[in-house]
Amino acid sequence: MSKVWFITGAGSGIGAGTAKAALHAGDRVVATGRNLDKVRNTYHDVASDNIAFVQLDVAQEAQAKAAVEEAMKQFGRIDVLVNNAGYSLLGNFEELTTADIERQFATNFFGVVYVMRAVLPVMRKQRSGHIINISSVAGVVGFKHCAAYGASKFAVEGLSLAVAPEVEQFGIKITVVEPGFFRTDLLDARNVRWGSNVIEDYAAEGNVQGMWSAYNGTQRGDPAKLGEVLVKIAGMENPPKLFVAGSDALATITPAIEGRLQATHANEALSRSTDGSF
Ligand SMILES: NC(=O)c1ccc[n+]([C@@H]2O[C@H](COP(=O)([O-])OP(=O)(O)OC[C@H]3O[C@@H](n4cnc5c(N)ncnc54)[C@H](OP(=O)(O)O)[C@@H]3O)[C@@H](O)[C@H]2O)c1
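As the structure is a computational prediction, the values presented were derived from the model and not from experiment. (Residues numbered from 1 in each chain as written. Predicted model: local features only at pLDDT ≥ 70, side-chain atom pairs only at ≥ 80, totals over all residues. Heavy atoms only, no water.)

**Q** What exactly am I supposed to notice about the site of the ligand here?
**A** In the vicinity of the ligand there are 27 residues, among which Arg34, Lys38, Tyr149, Phe182 and Thr184 approach most closely. One of the side-chain N or O atoms of Asp57 is found 2.9 Å from a nitrogen atom in the ligand. Within the backbone of Leu186, one N or O atom sits 3.3 Å away from an oxygen atom of the ligand. Within the complex, the protein chains bury 94% of what would otherwise be the 890 Å² of accessible surface of the ligand. (Near = heavy atom within 4 Å. Polar contact = N/O pair within 3.5 Å; in protein donor to acceptor, adjacent residues only side chain to side chain. Areas by Shrake-Rupley, 256 points an atom, 1.4 Å probe, with all protein chains shown as cover.)

Have a look at this one:
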(Lines give C-alpha, C1' and ligand atoms only; values in the text may rest on other atoms or scores of the structure.)
Protein backbone atom coordinates (compact mmCIF):
# COMPACT_ATOMS: atom_id res chain seq x y z
CA MET A 1 0.00 0.00 0.00
CA SER A 2 1.29 3.46 -0.87
CA LYS A 3 2.45 5.52 2.12
CA VAL A 4 2.37 9.21 3.04
CA TRP A 5 5.75 10.56 4.21
CA PHE A 6 6.25 13.76 6.20
CA ILE A 7 9.89 14.86 5.93
CA THR A 8 11.55 17.80 7.70
CA GLY A 9 14.44 19.67 6.09
CA ALA A 10 13.48 18.18 2.72
CA GLY A 11 15.29 20.86 0.69
CA SER A 12 18.67 19.10 0.53
CA GLY A 13 20.83 16.15 1.50
CA ILE A 14 19.36 13.14 3.29
CA GLY A 15 15.86 14.69 3.43
CA ALA A 16 15.79 15.22 -0.34
CA GLY A 17 17.32 11.78 -1.00
CA THR A 18 14.62 10.17 1.13
CA ALA A 19 11.76 12.15 -0.42
CA LYS A 20 12.88 11.29 -3.96
CA ALA A 21 13.27 7.60 -3.09
CA ALA A 22 9.78 7.54 -1.54
CA LEU A 23 8.26 9.24 -4.62
CA HIS A 24 10.11 6.76 -6.84
CA ALA A 25 8.52 3.93 -4.84
CA GLY A 26 5.08 5.38 -5.62
CA ASP A 27 4.49 6.96 -2.21
CA ARG A 28 3.27 10.49 -1.45
CA VAL A 29 5.50 13.04 0.28
CA VAL A 30 4.94 16.14 2.37
CA ALA A 31 8.25 17.94 1.79
CA THR A 32 8.73 20.55 4.49
CA GLY A 33 11.33 23.25 5.03
CA ARG A 34 11.83 26.72 6.42
CA ASN A 35 12.65 28.13 2.97
CA LEU A 36 9.86 26.83 0.73
CA ASP A 37 11.35 28.26 -2.49
CA LYS A 38 14.49 26.23 -1.83
CA VAL A 39 12.45 23.08 -1.13
CA ARG A 40 10.31 23.54 -4.29
CA ASN A 41 13.44 24.11 -6.34
CA THR A 42 14.95 20.83 -5.11
CA TYR A 43 12.04 18.99 -6.80
CA HIS A 44 11.81 21.14 -9.98
CA ASP A 45 12.43 18.03 -12.09
CA VAL A 46 9.86 15.92 -10.23
CA ALA A 47 6.55 16.03 -12.10
CA SER A 48 4.20 14.53 -9.57
CA ASP A 49 0.88 15.16 -7.86
CA ASN A 50 2.26 13.04 -5.07
CA ILE A 51 4.28 15.82 -3.44
CA ALA A 52 3.06 18.70 -1.25
CA PHE A 53 5.27 21.56 -0.07
CA VAL A 54 4.68 22.82 3.45
CA GLN A 55 6.36 25.58 5.46
CA LEU A 56 8.13 24.30 8.60
CA ASP A 57 10.92 25.73 10.71
CA VAL A 58 11.19 22.86 13.20
CA ALA A 59 12.42 25.17 15.96
CA GLN A 60 8.94 26.80 15.98
CA GLU A 61 6.41 24.59 17.81
CA ALA A 62 3.39 26.41 16.34
CA GLN A 63 4.71 25.80 12.81
CA ALA A 64 5.02 22.07 13.54
CA LYS A 65 1.32 21.87 14.49
CA ALA A 66 0.25 23.95 11.48
CA ALA A 67 2.41 21.87 9.10
CA VAL A 68 0.89 18.61 10.33
CA GLU A 69 -2.63 20.07 9.92
CA GLU A 70 -1.75 21.12 6.37
CA ALA A 71 -0.35 17.65 5.61
CA MET A 72 -3.60 16.07 6.86
CA LYS A 73 -5.62 18.45 4.64
CA GLN A 74 -3.51 17.48 1.62
CA PHE A 75 -3.20 13.72 2.03
CA GLY A 76 -5.42 12.70 4.99
CA ARG A 77 -2.83 10.59 6.82
CA ILE A 78 0.85 10.36 7.81
CA ASP A 79 2.49 6.93 7.66
CA VAL A 80 6.17 7.81 7.94
CA LEU A 81 7.62 10.83 9.72
CA VAL A 82 11.29 11.54 9.03
CA ASN A 83 12.79 13.97 11.53
CA ASN A 84 15.75 14.96 9.41
CA ALA A 85 16.18 18.75 9.75
CA GLY A 86 19.38 19.68 11.53
CA TYR A 87 22.67 21.49 11.38
CA SER A 88 26.03 21.12 13.07
CA LEU A 89 27.57 23.48 15.60
CA LEU A 90 31.25 22.57 15.93
CA GLY A 91 33.96 23.73 18.29
CA ASN A 92 35.64 22.99 21.61
CA PHE A 93 33.00 23.02 24.36
CA GLU A 94 34.54 26.04 26.07
CA GLU A 95 34.43 27.96 22.81
CA LEU A 96 30.66 27.47 22.45
CA THR A 97 28.42 30.02 24.14
CA THR A 98 25.32 28.90 26.01
CA ALA A 99 23.23 30.69 23.35
CA ASP A 100 25.06 28.70 20.60
CA ILE A 101 24.20 25.45 22.40
CA GLU A 102 20.58 26.44 23.04
CA ARG A 103 20.11 27.23 19.33
CA GLN A 104 21.63 23.84 18.42
CA PHE A 105 19.16 22.07 20.72
CA ALA A 106 16.24 24.22 19.48
CA THR A 107 16.62 22.68 16.02
CA ASN A 108 18.27 19.27 16.48
CA PHE A 109 16.41 18.18 19.63
CA PHE A 110 13.36 20.38 20.28
CA GLY A 111 12.58 20.30 16.55
CA VAL A 112 12.17 16.53 16.89
CA VAL A 113 10.12 16.96 20.08
CA TYR A 114 7.72 19.48 18.45
CA VAL A 115 7.16 17.45 15.29
CA MET A 116 6.73 14.16 17.19
CA ARG A 117 4.20 15.85 19.49
CA ALA A 118 2.26 17.10 16.46
CA VAL A 119 2.36 13.79 14.55
CA LEU A 120 1.86 11.24 17.33
CA PRO A 121 -1.87 12.03 17.85
CA VAL A 122 -2.42 11.43 14.11
CA MET A 123 -0.55 8.11 14.18
CA ARG A 124 -2.23 7.08 17.44
CA LYS A 125 -5.65 7.67 15.82
CA GLN A 126 -4.56 5.68 12.75
CA ARG A 127 -3.20 2.94 15.06
CA SER A 128 -0.17 2.84 12.77
CA GLY A 129 2.90 4.84 11.81
CA HIS A 130 6.67 4.85 11.67
CA ILE A 131 8.89 7.61 13.01
CA ILE A 132 12.43 7.73 11.62
CA ASN A 133 14.68 10.06 13.60
CA ILE A 134 17.99 11.02 12.01
CA SER A 135 20.70 10.97 14.65
CA SER A 136 24.43 10.59 13.87
CA VAL A 137 27.51 8.56 14.74
CA ALA A 138 28.06 11.55 17.03
CA GLY A 139 24.85 10.48 18.84
CA VAL A 140 26.56 7.21 19.84
CA VAL A 141 30.24 8.09 20.24
CA GLY A 142 31.78 11.25 21.77
CA PHE A 143 33.87 13.23 19.26
CA LYS A 144 35.93 16.29 20.06
CA HIS A 145 34.35 19.53 18.73
CA CYS A 146 30.92 17.84 18.81
CA ALA A 147 29.91 18.56 22.40
CA ALA A 148 26.73 20.41 21.41
CA TYR A 149 25.96 18.58 18.16
CA GLY A 150 26.65 15.19 19.75
CA ALA A 151 24.67 16.02 22.88
CA SER A 152 21.67 17.03 20.75
CA LYS A 153 21.89 13.70 18.87
CA PHE A 154 22.37 11.64 22.07
CA ALA A 155 19.21 13.41 23.28
CA VAL A 156 17.35 12.36 20.11
CA GLU A 157 18.47 8.76 20.73
CA GLY A 158 17.30 8.83 24.36
CA LEU A 159 13.97 10.39 23.40
CA SER A 160 13.39 7.84 20.63
CA LEU A 161 14.32 4.78 22.70
CA ALA A 162 12.09 5.91 25.58
CA VAL A 163 9.04 6.83 23.48
CA ALA A 164 9.22 3.65 21.33
CA PRO A 165 7.91 1.28 24.04
CA GLU A 166 5.19 3.81 25.01
CA VAL A 167 3.69 3.96 21.51
CA GLU A 168 4.30 0.39 20.35
CA GLN A 169 0.84 -0.51 21.69
CA PHE A 170 -0.69 1.84 19.07
CA GLY A 171 1.15 0.20 16.16
CA ILE A 172 3.72 3.00 16.01
CA LYS A 173 7.38 2.11 15.39
CA ILE A 174 10.45 4.28 15.91
CA THR A 175 13.79 3.88 14.14
CA VAL A 176 16.87 5.95 14.96
CA VAL A 177 19.32 6.32 12.06
CA GLU A 178 23.01 6.86 12.81
CA PRO A 179 24.72 8.07 9.62
CA GLY A 180 28.46 8.40 9.15
CA PHE A 181 29.73 11.10 6.77
CA PHE A 182 27.28 11.72 3.90
CA ARG A 183 27.91 14.07 0.99
CA THR A 184 25.30 16.74 1.75
CA ASP A 185 25.27 20.45 2.60
CA LEU A 186 25.81 19.77 6.33
CA LEU A 187 29.43 20.95 6.35
CA ASP A 188 28.87 23.63 3.72
CA ALA A 189 30.12 27.01 4.95
CA ARG A 190 26.55 28.43 4.66
CA ASN A 191 25.14 25.87 7.10
CA VAL A 192 27.75 24.80 9.64
CA ARG A 193 28.12 26.97 12.75
CA TRP A 194 31.35 27.43 14.73
CA GLY A 195 31.96 28.29 18.37
CA SER A 196 31.88 32.06 18.75
CA ASN A 197 33.95 32.35 21.94
CA VAL A 198 37.56 31.87 20.73
CA ILE A 199 40.04 30.75 23.42
CA GLU A 200 43.72 31.07 22.53
CA ASP A 201 44.77 27.96 24.53
CA TYR A 202 42.92 25.70 22.05
CA ALA A 203 44.61 27.24 18.99
CA ALA A 204 47.79 25.15 19.51
CA GLU A 205 45.82 22.00 18.57
CA GLY A 206 45.00 23.35 15.14
CA ASN A 207 42.14 25.08 13.43
CA VAL A 208 38.74 23.48 14.12
CA GLN A 209 37.15 25.05 11.03
CA GLY A 210 39.98 23.90 8.78
CA MET A 211 39.80 20.36 10.10
CA TRP A 212 36.04 19.90 9.59
CA SER A 213 35.75 21.92 6.38
CA ALA A 214 38.27 19.53 4.78
CA TYR A 215 35.62 16.78 4.91
CA ASN A 216 33.14 18.87 2.92
CA GLY A 217 32.56 17.35 -0.51
CA THR A 218 34.68 14.27 0.23
CA GLN A 219 32.16 12.33 2.33
CA ARG A 220 31.64 8.73 1.18
CA GLY A 221 27.94 8.35 1.98
CA ASP A 222 25.39 8.90 -0.80
CA PRO A 223 22.14 10.51 0.47
CA ALA A 224 20.19 9.06 -2.48
CA LYS A 225 21.25 5.53 -1.49
CA LEU A 226 20.40 6.20 2.17
CA GLY A 227 16.96 7.38 0.97
CA GLU A 228 16.45 4.06 -0.83
CA VAL A 229 17.45 2.15 2.32
CA LEU A 230 15.02 4.20 4.44
CA VAL A 231 12.22 3.28 2.00
CA LYS A 232 13.18 -0.40 2.52
CA ILE A 233 13.21 0.07 6.31
CA ALA A 234 9.81 1.79 6.21
CA GLY A 235 8.48 -1.30 4.42
CA MET A 236 9.69 -3.76 7.08
CA GLU A 237 7.26 -5.50 9.43
CA ASN A 238 9.86 -5.28 12.19
CA PRO A 239 12.17 -2.36 11.39
CA PRO A 240 15.38 -1.91 13.40
CA LYS A 241 15.20 0.38 16.45
CA LEU A 242 18.73 1.58 15.68
CA PHE A 243 20.23 1.64 12.20
CA VAL A 244 23.89 2.42 11.48
CA ALA A 245 24.26 3.99 8.00
CA GLY A 246 27.52 3.73 6.08
CA SER A 247 30.73 1.69 6.37
CA ASP A 248 32.55 4.54 8.16
CA ALA A 249 29.76 4.60 10.75
CA LEU A 250 30.02 0.80 11.20
CA ALA A 251 33.81 1.07 11.62
CA THR A 252 33.37 3.62 14.42
CA ILE A 253 30.27 2.38 16.22
CA THR A 254 31.08 -1.36 16.30
CA PRO A 255 34.36 -1.08 18.31
CA ALA A 256 32.81 1.61 20.52
CA ILE A 257 29.96 -0.72 21.52
CA GLU A 258 32.32 -3.67 21.95
CA GLY A 259 34.63 -1.50 24.08
CA ARG A 260 31.72 -0.43 26.28
CA LEU A 261 30.67 -4.05 26.76
CA GLN A 262 34.22 -5.03 27.70
CA ALA A 263 34.49 -2.12 30.17
CA THR A 264 31.11 -3.09 31.66
CA HIS A 265 32.29 -6.68 32.20
CA ALA A 266 35.69 -5.56 33.54
CA ASN A 267 33.99 -3.44 36.22
CA GLU A 268 31.15 -5.87 36.97
CA ALA A 269 32.27 -6.64 40.53
CA LEU A 270 32.64 -2.92 41.30
CA SER A 271 29.21 -2.24 39.78
CA ARG A 272 27.58 -4.94 41.96
CA SER A 273 29.40 -3.61 45.05
CA THR A 274 27.05 -0.58 45.05
CA ASP A 275 23.98 -2.77 45.85
CA GLY A 276 22.54 -2.29 49.33
CA SER A 277 21.30 -5.18 51.49
CA PHE A 278 17.59 -5.68 52.23
N1 LIG B 1 25.68 14.52 6.21
C2 LIG B 1 26.22 13.87 7.22
O3 LIG B 1 27.41 13.53 7.18
C4 LIG B 1 25.40 13.54 8.42
C5 LIG B 1 25.92 12.65 9.36
C6 LIG B 1 25.19 12.33 10.48
C7 LIG B 1 23.95 12.91 10.66
N8 LIG B 1 23.46 13.78 9.74
C9 LIG B 1 22.14 14.38 10.00
O10 LIG B 1 21.34 14.27 8.85
C11 LIG B 1 20.33 15.27 8.88
C12 LIG B 1 20.23 15.91 7.51
O13 LIG B 1 21.40 16.64 7.25
P14 LIG B 1 22.14 16.60 5.83
O15 LIG B 1 23.40 15.91 6.04
O16 LIG B 1 21.22 16.14 4.78
O17 LIG B 1 22.54 18.15 5.66
P18 LIG B 1 21.88 19.30 4.81
O19 LIG B 1 22.00 19.00 3.36
O20 LIG B 1 22.48 20.56 5.32
O21 LIG B 1 20.34 19.23 5.19
C22 LIG B 1 19.84 19.69 6.42
C23 LIG B 1 18.46 20.24 6.16
O24 LIG B 1 17.92 20.66 7.43
C25 LIG B 1 17.28 21.89 7.23
N26 LIG B 1 17.16 22.66 8.45
C27 LIG B 1 18.13 23.12 9.27
N28 LIG B 1 17.59 23.80 10.29
C29 LIG B 1 16.23 23.75 10.11
C30 LIG B 1 15.13 24.25 10.84
N31 LIG B 1 15.26 24.96 11.96
N32 LIG B 1 13.88 23.99 10.37
C33 LIG B 1 13.70 23.27 9.23
N34 LIG B 1 14.72 22.81 8.49
C35 LIG B 1 15.97 23.03 8.93
C36 LIG B 1 18.12 22.61 6.20
O37 LIG B 1 17.32 23.60 5.58
P38 LIG B 1 17.82 25.09 5.24
O39 LIG B 1 18.20 25.05 3.81
O40 LIG B 1 16.64 25.94 5.51
O41 LIG B 1 18.99 25.38 6.13
C42 LIG B 1 18.50 21.48 5.26
O43 LIG B 1 17.54 21.31 4.24
C44 LIG B 1 20.72 16.24 9.99
O45 LIG B 1 19.91 15.98 11.12
C46 LIG B 1 22.16 15.87 10.28
O47 LIG B 1 22.55 16.18 11.60
C48 LIG B 1 24.16 14.12 8.63
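**Q** I keep staring at the environment of Asp27 and nothing clicks. Help me out?
**A** Counting through the fold element by element, Asp27 comes out in the loop between α1 (13-24) and β2 (28-33). Counting along the chain gives 23 residues from Asp27 to Val4, while the straight-line C-alpha distance between them is 6.1 Å. Setting aside chain neighbours within four positions, we find Asp27 in contact with Ser2, Lys3, Trp5, Ala22 and Asn50. There is a polar contact of 2.9 Å between the side chain of Asp27 and the side chain of Trp5. (Helix = DSSP H or I, 4+ residues; strand = E, 2+ residues; numbered from the N terminus. Contact = heavy atoms within 4.5 Å.)

**Q** Even after reading the chapter, I still don't get the side chain of Ser136, so can you show me in this structure?
**A** Mapped onto the elements of the fold, Ser136 is located in the loop between β6 (129-134) and α6 (147-167). Of the residues examined, Ser136 reaches a relative accessible area of 9% and is grouped as buried. Only 2.9 Å separates the side chain of Ser136 from the backbone nitrogen of Ala138, close enough to count as a polar contact. The contact partners of Ser136, leaving out residues within four places of it in the chain, are Tyr149, Lys153, Glu157, Val177, Glu178 and Pro179. (Buried < 20%, exposed > 50% of the residue type's maximum accessible area, 1.4 Å probe, protein only.)

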